[in-house]
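# Observations on the model geometry
Read off the chains here:
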Amino acid sequence: MTSTRTQTQPVKPYTGPAWLVLALASACQFMAILDVSIVNVALPSVQRDLGFTAAGLAWVVNGYVLAFAGFMLLGGRAADLFGHRRILVAGLGLFSVASLAAGLATTPEMLVISRAVQGLGGAMLAPATLAVINTCFAEGPERARAFGAWSAAGGVGGMIGAIAGGLLTTGLSWRWVFLINVPVGVGLIVVAMASLVTAPARRESLDLVGAITGTAGLASLIYGVMQTGDHAWGSPNVLVPALAGVVLLGVFLVVEHRLAKAPMMPLRLFRNRSVAVGNGMLLLFGGIAIAMWFFSSLFLQNVLGYSALDAGLGQTPAAVMFVVVARFAAGWLPRIGVRPLLLAGCACFVAGFGWFSQADAGSHYLTHVLGPTLLVALGIGLVFPTLMASATADVPPGDAGIAGGLANTASQAGGSLALAVYATAAAARAAAHDSTASSPEALAAGYGLVFGLAVVVAVGIAAVSLLLPRRQRS
């Protein structure tokens with residue numbers, strides 16, 4: 001009798017203190033988010049040194065984002081099949097090697113390829129860290145606190161990215177924007193090897209047809225959306241890859257539902273209402289995050305005349321607000337519940353973006369930027385960790401990786417789609433305001449429309465949150 005109980009007890013997924021595991025997951029999230037924001041400030045120096053064209057320079061960012069979002073589901077499923085520790089370590093290794101190659105790049109092509117490989121490493125890292133949290137921390141207050149710390153780490157990465165990028169580029173070289181990842185990545189590999197247990201690989205085969213159609217479909221759809229920055233929505237450059245992506249994703253769903261014996265993305269996950277509704281809200285939330293961090297930075301630089309470094313400093317109070325609130329929201333979640341936190345956060349979005357939409361070229365930072373961004377950051381701190389917890393709630397440990405990949409994919413895809421819609425709307429409003437569409441007044445009008453659209457998205461998140469199942473408070 002005793003022997004049977006011993007054999008059926010699950011193996012503890014980590015060794016050593018739990019705080020070390022949480023620090024590892026948070027540091028990986030920090031590094032992945034940092035690498036998005038830290039590069040932006042260095043782009044002018046990269047263009048001068050390597051001879052990028054204006055269109056080619058965008059792929060230093062897009063190459064990373066495309067691979068990161070496109071391979072997220074595959075990375076999540078691989079974490080479930082081969083073990084979270086293996087995929088986390090492999091992702092860290094790939095990310096570090098690609099960072100070294102990017103820092104030593106001598107041609108534009110070498111840098112873009114290195115950035116794409118970095119994105120692939122990030123696509124392995126992100127779902128693996130969520131899977132580590134889901135399997136190492138019990139659902140309830142313990143996991144909520146872990147999600148809060150993980151979310152706050154991403155906020156810190158975004159916060160210091162612009163500042164660190166400016167300091168490294170000015171004081172050393174743009175190459176150190178990438179090379180700094182190498183010692184950090186090696187250190188995290190050592191921590192992962194020491195703190196996580198290697199789980200036995202599952203005997204299920206990888207769903208190759210699902211992996212190919214799902215990954216290619218996501219990448220093609222996101223690529224098509226990205227093309228709207230340079231081409232009209234109805235042009236072949238946008239429609240062909242976007243429609244190809246939709247068709248491939250349709251084939252992917254058929255394969256997962258009817259043909260695959262061990263599907264890459266088990267559709268049974270969507271029978272869990274928290275997972276289905278949580279991912280729907282994360283898709284919308286991508287539009288909130290883009291409006292806040294991307295377009296507020298553009299407003300500071302293009303309308304108020306800030307430098308990139310000054311714009312990063314101007315966003316720092318909001319980033320600090322997000323980090324602090326996300327950490328506390330983790331403790332509130334078990335006591336207050338998911339829906340009240342989401343509705344409170346959406347109220348902050350509506351108030352903050354509504355206020356920000358009234359700013360113009362004659363506005364001042366203290367009166368028309370600081371207050372709105374603090375309100376929106378307060379909302380993000382309440383909403384983001386709550387959504388991530390909801391989108392991965394009640395998921396079996398064997399599906400934790402794909403649930404994390406799905407949640408990250410929803411947020412990334414929502415942000416890419418929102419960026420394309422916002423950019424088109426802002427350009428149209430600016431052109432209607434001024435024939436050149438480049439004056440601070442015209443740009444302010446365009447960004448004001450973006451912030452108004454973000455209010456609509458916030459109302460949408462609040463409406464969808466009403467579909468969440470009612471839960472008893474812990």
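Residues numbered from 1 in each chain as written. Predicted model: local features only at pLDDT ≥ 70, side-chain atom pairs only at ≥ 80, totals over all residues. Heavy atoms only, no water.

## A look at the overall build of the protein
Secondary structure summary: the protein contains 18 helices and zero strands in total. When each of the 474 residues of the protein is scored for burial, the buried share is 54%. Of the contacts made within the protein by residues no fewer than 6 positions apart, 83% connect residues no fewer than 24 positions apart. Carbon together with sulfur atoms contributes 69% to the accessible area of the protein, which is approximately 19400 Å² in total. (Helix = DSSP H or I, 4+ residues; strand = E, 2+ residues; numbered from the N terminus. Buried < 20%, exposed > 50% of the residue type's maximum accessible area, 1.4 Å probe, protein only. Contact = heavy atoms within 4.5 Å. Areas by Shrake-Rupley, 256 points an atom, 1.4 Å probe, with all protein chains shown as cover.)

## Observations regarding the side chain of Thr 213
Tracing the backbone through its elements, the reader meets Thr 213 in helix α10 (residues 208-226). A distance of 2.8 Å separates the side chain of Thr 213 from the backbone oxygen of Val 209, its partner in a polar contact. Once residues lying within four places of it in the same chain are set aside, the contact partners of Thr 213 are Leu 248, Val 251 and Phe 252. (Polar contact = N/O pair within 3.5 Å; in protein donor to acceptor, adjacent residues only side chain to side chain.)

## A look at the packing of aromatic side chains
Any pair of aromatic rings gets described here by the distance separating the centres and the angle formed by the planes. Under the counting rule described, the total for this entry stands at 10 aromatic pairs. Pairing Tyr 64 with Phe 68 gives two aromatic rings, centres 5.7 Å apart and planes at 15°, and the pair type is stacked. Taken as a pair, Tyr 64 and Phe 68 lie in helix α3 (residues 54-70) at a separation of four residues, close to a single helical turn. A single burial state applies to Tyr 64 and to Phe 68, both of which are buried. Taken together, a centroid distance of 6.2 Å and an interplanar angle of 85° make the contact between Trp 174 and Phe 178 edge-to-face. Among the residues examined, Trp 174 registers a relative accessible area of 2% and is labelled buried. Owing to a relative accessible area of 1%, Phe 178 belongs among the buried residues under this scheme. Taken together, the ring pairs connect Phe 299, Phe 353, Phe 356 and Phe 451 into an aromatic cluster. (Phe/Tyr/Trp six-rings, centres within 6.5 Å; stacked < 30°, edge-to-face > 60°.)

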